[in-house]
Amino acid sequence: ETSQMIHAQNTKIVPITTPVSVSAGAATTSTVDTLGFDYCTILFIGGAMATGYTVCKVQESDDSGMSGAVDISNANGVLGLGETNQLNVDGTASADPDGTNDVVHGIEIDLLGRKRYLDVSATAGGTCLTCIIAILSRGAELGSDVLADRGFPGLIRA
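Note that the structure is a prediction, hence the values are computed from the model and not measured.

Participant: Can you lay out the state of the cysteines for me, pointing to particular residues and giving the numbers?
Facilitator: Applying the stated rule across the entire model yields 0 disulfides. For the unlinked cysteine C56, the closest cysteine sulfur is that of C128, found at 11 Å. Classification of C56 as buried rests on a relative accessible area of 3%. Unpaired in terms of disulfides, C131 finds its nearest cysteine sulfur in C56, a separation of 12 Å. Residue C131 is classed as buried on the basis of its relative accessible area of 12%.

Structure follows, in structure tokens:
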């Protein structure tokens, strides 16, 4: 008997940064290839954050090297935490990930009409322990339990 994959399991996890201590300046990030997926949720996880981030925005490009990258925008402007006029889904003002420890911020992106590759531009104001993860979902052809296809070295299910 084979198990049927449900939408919540039809995802791929892509680390944009692994858990790392970022000194004041830009975080080193990895590009996300969104081919075959309908949605992307980016999770910014902050551990011990001395001062927080001054920039945390999403960019897109037609190539994996992110040449010609442009900021993603929505009706409020540049899509990013704390960007000018950017609002949370509840209508409150979005804020840069600040010096508050042990927090998770999220950015949800409908990939319809987007360029294939995404990356996060993140600049720390001081030393910050950070991890940024992309969760790609609604994969058109995924339907796979091959660990590499899902972005995991190990995955168990109950």
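Participant: An account of the nonpolar core is needed here, citing residue identities and associated values.
Facilitator: With 27 residues, the main nonpolar core has C40, I42, Y53, I109 and L118 as its most contacted residues. Counting residues per element, the ones that place at least two in this core are β1 (11-22), β4 (39-49), β5 (53-61), β9 (103-110), β10 (117-124) and β11 (128-137). Contacts of C40, omitting those with residues within four sequence positions, involve I107, E108, I109, L111, L118, A134, I135 and L136.

Participant: Before we move on, could you go through the sheet that holds β4 and cite the residues and values that matter?
Facilitator: Pairing in this open sheet of 4 strands is antiparallel, and the strands run β1-β11-β4-β9 from one edge to the other. Each edge of the open sheet is held by one strand with a lone partner, namely β1 and β9. Here the average twist between neighbouring strands, direction ignored, is 15°. The pairing of β4 with β11 spans 9 bridges and is classified as antiparallel.

Participant: I'd like to hear about the packing of aromatic side chains, residue by residue, with values.
Facilitator: Enumeration according to the criterion identifies 1 aromatic pair in this entry. When the ring of F44 is compared with that of Y53, the centres are 5.0 Å apart and the planes differ by 85°; the resulting orientation is edge-to-face.

Participant: Tell me about the environment of V22, and name the residues and values.
Facilitator: Structurally, V22 is set in strand β1. On the accessibility criterion, V22 (8% relative accessible area) is buried. Sequence-wise, V22 and A122 are 100 residues apart; in three dimensions their C-alpha atoms are separated by 9.8 Å. Residues contacting V22, with those up to four places away along its chain left out, are A27, Y53, A124, G126, T127, C128 and T130.

Cut-off values and rules
Residues numbered from 1 in each chain as written. Predicted model: local features only at pLDDT ≥ 70, side-chain atom pairs only at ≥ 80, totals over all residues. Heavy atoms only, no water. Disulfide = S-S within 2.5 Å. Buried < 20%, exposed > 50% of the residue type's maximum accessible area, 1.4 Å probe, protein only. Core = buried A, V, L, I, M, F, W, Y, C linked by side-chain atoms within 4.5 Å. Helix = DSSP H or I, 4+ residues; strand = E, 2+ residues; numbered from the N terminus. Contact = heavy atoms within 4.5 Å. Pairing = 2+ DSSP bridges. Axes fitted to C-alpha atoms, helices over the stretch in contact; angles between N-to-C directions. Phe/Tyr/Trp six-rings, centres within 6.5 Å; stacked < 30°, edge-to-face > 60°.

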